[in-house]
Amino acid sequence: MRTLKMLAFMLSSLLFGEHAIAQADFLAGIPRNEVLIAENPEGRITNSTWFNIWVVNHGSNSNGLQQLGLDTLWYIDADAGIDGVWDNSLASEKPIYNADFTEMTVKLRDGIFWSDGVEFTADDVVYTVETQMKDPTMVWGPAFQASVDTVTAPDPKTVLFKLKRPNSRFHAIFTVRWNAAWIMPKHIFEKQPDPTKFNFNPPVTLGPYTLKSFDPNGEWYIWQRRDDWKRTTLARFGEPGPKYVAYIDPGPPDKRVIMQLNHELDIIHDTTPEGMFTLAKQSPSSHGWFKGFPYAHPDPTLPAVILNNEVEMFKNRDVRWALALLIDMKAVSLASYRGAATISAIAVPPTGLYPKYYFDPLEDWLKNFEIDTGKSKYKPYDPTVAQQIADSLRPSMGERIPKDPKEIATAFGRGWWKPNPEVATELLERAGFKKEGNRWLKPDGTPFSITLLVEGDQRPVMTRAGTMIAQQWRQFGIDAKTQAYPSDFFPRVASGDFEAAMAWSVETWGGHPDLSFFLDSWHSEFLKPAGERQPPRNWQRYSNPELDKIIEQIRAIGFDDPKGVELGQEFIKLAVREMPMIPLMSYNVFTVMDTTYWTGFPSAETDPYTDPVPNWANTKYMMVKLKPAQPK
């Protein structure tokens, strides 16, 4: 181990060069055992002095600003939560709706202060909404304009929203999953002639930390615990452990691994599977979300093959299902995550509490689901796929691969679709496609070709998955290829300038069963024609009257109404029958935590109190759990 550390140190010096010097400089005067160092996945921030998070094209969200500096009304954790999934943060209780969901009342906490000593009141909330409603170029301007008729403050601790139409999910705008509509300090912004041109530097904070210093080149930001941290919402759970928290750009995956081997990076946001495996073998103090394989945290996001349903060849569900039946999920898992994937055959990720709400109840339905091609009937669901992946890894990974079926389901997922080229052939032939020699032709006689967009090196796991899927389609006779667009991938997807893409159109709360976080955006009222920007998140541009009906029923019931789970299950069944996009797996993030200086990190086995991925705003709750490690 000493030899490995020495080699790592030497390699670190060679690779880092000036970056290693900068690393030492930015911590000057701060004891290492008082600072938590986390990766900012946004890398080096070009607009480093900009902290006005309410303006589009601002600086950085993930430099600690949204995690430690800001606050809003409510949080929903993607995992178990520090005191349950739901947390009333600036609000003192859950949202209060009238009978027809046209009004929402918010009761606010007493005794919360901005870092400059000004008390937080309902006026801040009213100002936040009205300011952004006046200017749709601000981040939440369009959402507020679409929903809010008036917003008033009957008293300093009450806010009353009157809505333009019934909306039982309006509170979601102020409820953090990854982020949400943060509250603006009225006493600061009202003095500015144009709030959109104000850089908010240094930021006045509601959270438990204030900005201490930052690199003008955008490579690091250091936050310091407020002396009056007891006057923040986090104080309900205790004192934040780290006196300082630094968010840095550690460079590419190999450098992140080396820095953690040297104990210079306490939290890696994400590394490659190979980097995770290296740390698991070489660093006893490093661990992921899972103690063993697959290590990674399964985020409540569902990577999928997004099929553009406005492209003629994908309008037919037989074609969409044929493509799904040509995918070998075991090969995709091994190619993308080196087997460390948590697979999903349905249109929600297998994360948080979703196995309880959706996967377990629908397992028998999936086993009995049948495709009728007109020539044959076929039950495509194979409940053993995750088990097969685990078994294939056990010879090389040994005891790190769980054997208990429940543990395998948690780590690797459950079943997926059985590849069947014969059934895929029957489906394509019914859709008017023909095969001549070794290649397939579309109904108009032109070659059946698919260009699958990927992000390239920007997201290597997804690119590997796309490459394997395109290869499997080619083996069947489809002219399939991947094309990398690392810089303008999402603008292309949003504008509909693609045939298929490796992306996600499903993002869930994770800890709460309500699906409206993504599902409401799938309503046909939001569908845009080709060439126009599709608002998040119906990137597949799919519409269906049956889907609209489900969404409208969800809109008409309360957020916690058990009927919501039933309607969510109906959506999943519809998505299975229609296959508007091909679900693959949760977005597993190889977040690696080093316990050399800090203990108390969340983990799947011992305390899954929050998502450890450090750019999520929910990670503020991690601060009160972290304690200095005992000297070794």
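Residues numbered from 1 in each chain as written. Predicted model: local features only at pLDDT ≥ 70, side-chain atom pairs only at ≥ 80, totals over all residues. Heavy atoms only, no water.

Trainee: So what's going on with the overall build of the protein? Residues and values would help.
Mentor: Across its full length, the protein holds 20 helices and 29 strands. At 25 Å, the protein has a C-alpha radius of gyration in line with the 26 Å of a compact globule built from 632 residues. Each principal axis of the C-alpha atoms in the protein carries an extent, and together these give about 75 × 65 × 40 Å. Counting only residues that meet the buried cut, the protein has 60% of its 632 residues in that class. (Helix = DSSP H or I, 4+ residues; strand = E, 2+ residues; numbered from the N terminus. Rg over C-alpha atoms; globule rule 2.2 N^0.38 Å. Buried < 20%, exposed > 50% of the residue type's maximum accessible area, 1.4 Å probe, protein only.)

Trainee: Describe the packing of helix α9 (residues 317-324) against helix α14 (residues 421-430), naming the residues involved and giving the relevant values.
Mentor: Interaxial distance between α9 and α14 falls to 8 Å at its minimum, and their mutual angle equals 160°. One element, α9, and the other, α14, form an angle in the roughly antiparallel class. Crossing angle aside, the handedness with which α9 passes α14 is left-handed. Only Ala424, Leu427, Leu428 and Arg430 of α14 make contact with α9, whose side of the interface consists of Asp318, Val319, Trp321 and Ala322. Residues belonging to the contact of α9 with α14 are distributed by class as follows: six nonpolar, no polar and two charged. (Axes fitted to C-alpha atoms, helices over the stretch in contact; angles between N-to-C directions. Parallel < 35°, antiparallel > 145°, perpendicular 65-115°, else oblique. Left-handed = near helix turned anticlockwise from the far one by under 90°. Contact = heavy atoms within 4.5 Å. Nonpolar A, V, L, I, M, F, W, Y, C, P; charged D, E, K, R; others polar.)

Trainee: Tell me what's going on with the side chain of serine 168, and back it up with residues and numbers.
Mentor: Along the chain, serine 168 turns up in the loop between β7 (158-163) and β8 (175-176). Residue classification places serine 168 among the buried positions, given a relative accessible area of 1%. Separated by 2.6 Å, the side chains of serine 168 and arginine 169 make a polar contact. Within polar-contact distance, the side chain of serine 168 engages the backbone oxygen of isoleucine 557 at 2.8 Å. If near-sequence neighbours (up to four positions away) are discounted, serine 168 is found in contact with Tyr97, Phe101, Ile554, Arg555, Ala556 and Ile557. (Polar contact = N/O pair within 3.5 Å; in protein donor to acceptor, adjacent residues only side chain to side chain.)

Trainee: Talk me through the nonpolar core; I want residue IDs and the actual numbers.
Mentor: Among the nonpolar cores identified, the biggest contains 208 residues, and Phe161, Phe174, Trp417 and Phe571 are the most heavily contacted of them. Ranked by residues supplied to this core, first place goes to helix α15 (residues 460-476) with eight residues. Here this core gathers at least three residues from each of two domains, domain 1 (32-244) and domain 2 (298-588). Not counting residues up to four positions away in its chain, the partners in contact with phenylalanine 571 are Ala347, Leu515, Phe518, Leu519, Trp522, Leu547 and Ile550. (Core = buried A, V, L, I, M, F, W, Y, C linked by side-chain atoms within 4.5 Å. Domains from an automatic or database assignment.)

Trainee: Describe in detail the pattern of salt bridges, supporting the description with residues and values.
Mentor: Per the counting criterion, the structure on display carries 35 salt bridges. When the shortest N-O distance is used, the salt bridge between arginine 464 and glutamate 274 registers 3.4 Å. Of this pair, arginine 464 sits in helix α15 while glutamate 274 sits in helix α8 (residues 273-282), and the two are 190 residues apart along the sequence. Given a relative accessible area of 21%, arginine 464 falls into the partly exposed group. With a shortest N-O distance of 2.9 Å, arginine 317 and glutamate 578 are connected by a salt bridge. (Salt bridge = Lys/Arg side-chain N within 4 Å of Asp/Glu carboxyl O.)

Trainee: Before we move on, could you go through the domain arrangement of the protein and cite the residues and values that matter?
Mentor: Along its sequence, the protein is organised into domain 1 (32-244) and domain 2 (298-588). Summarising the inter-unit geometry, the C-alpha centres of domain 1 and domain 2 are found 34 Å apart. Listed per partner, the contact involves 16 residues of domain 1 and 21 residues of domain 2. Taking both partners together, domain 1 and domain 2 bury about 1,400 Å²; carbon and sulfur atoms supply 55% of that area. The largest share of the area that domain 1 buries against domain 2 comes from Ala78, Arg169 and Arg177, three residues that together contribute 47% of it. Of the charged contacts in the structure, one is a salt bridge between lysine 94 and aspartate 560, with a shortest N-O distance of 2.9 Å. Counted by class, the side of domain 1 that touches domain 2 contains seven nonpolar, three polar and six charged residues. (Buried area = accessible area lost by both parts, 1.4 Å probe.)

Trainee: Talk me through the layout of surface pockets; I want residue IDs and the actual numbers.
Mentor: The space that makes up the second largest pocket amounts to roughly 870 Å³. If you trace the second largest pocket, you find 37 residues lining it, with Lys406, Glu407, Ala409, Thr410 and Ala411 closest to the centre. Only α11 (354-368), α12 (385-397) and α13 (405-412) provide two or more residues apiece to the lining of the second largest pocket. The element that contributes the greatest number of residues to the lining of the second largest pocket is α13, accounting for seven residues. Domain assignment of the residues forming the lining of the second largest pocket places at least three in each of domain 1 (32-244) and domain 2 (298-588). (1 Å grid on protein atoms, 1.4 Å probe; cavity = no way out; pocket = protein on both sides within 12 Å on 5 of 7 lines; lining within 4 Å. Points joined across faces, edges and corners; volume = space filled by probe spheres on them.)

Trainee: Give me the sheet that holds strand β5 (residues 103-107): which residues, what numbers.
Mentor: Strands sit in the order β4-β5-β7-β6 across an open sheet of four strands; the sheet is antiparallel. Looking at strand neighbours, the two that pair on one side only are β4 (96-97) and β6 (148-155), the edges of this open sheet. Two strands pair when backbone bridges link them, and β6 and β7 are joined in this way by five bridges, in the antiparallel orientation. The partner of aspartate 155 across the bridge, within β7, is threonine 158. Helix α4 (residues 122-134) contacts β6 and β7 of the sheet and is inclined by roughly 160° relative to β6. (Pairing = 2+ DSSP bridges.)

Trainee: Describe the sheet that holds strand β3 (residues 86-88), naming the residues involved and giving the relevant values.
Mentor: Across a sheet, strands are paired by hydrogen bonds formed along the backbone, either parallel or antiparallel in direction. Read from one edge to the other, the open sheet built from three strands follows the order β3-β2-β8, with strand pairing classed as mixed. For this open sheet the edge positions go to β3 and β8, each flanked by a neighbour on one side alone.

Trainee: How would you explain helix α10 (residues 329-337) if you had to name every residue and give the values?
Mentor: Burial in α10 covers these residues: Met329, Val332, Ser333, Ala335, Ser336 and Tyr337. Contact partners of the buried residues in α10: α8, α12, β19 (416-417), α15 and β26 (587-589). Taken from the residues just after α10, arginine 338 is the one with a positive phi, measuring 55°.

Trainee: So what about the environment of alanine 431? Which residues, and what values?
Mentor: Here alanine 431 lies in the loop between α14 and β20 (434-436). The exposure class of alanine 431 is buried, given its relative accessible area of 16%. Once the C-alpha coordinates of alanine 431 and proline 513 are considered, the two residues, 82 residues apart in sequence, prove to be 36 Å apart. Contact partners of alanine 431, with chain neighbours within four places excluded, come to Asn316, Asp318, Val319 and Pro443.

Trainee: Summarise unusual backbone geometry; cite the residues concerned and give the values.
Mentor: Look at the link from asparagine 201 to proline 202: it is a cis peptide, with omega at 0°. Cis rather than trans, the peptide bond between phenylalanine 293 and proline 294 has omega equal to 10°. Inspection of the secondary structure puts proline 294 in the loop between β13 (286-287) and β14 (297-299). Although it is not a glycine, phenylalanine 101 adopts a positive phi angle of roughly 60°.

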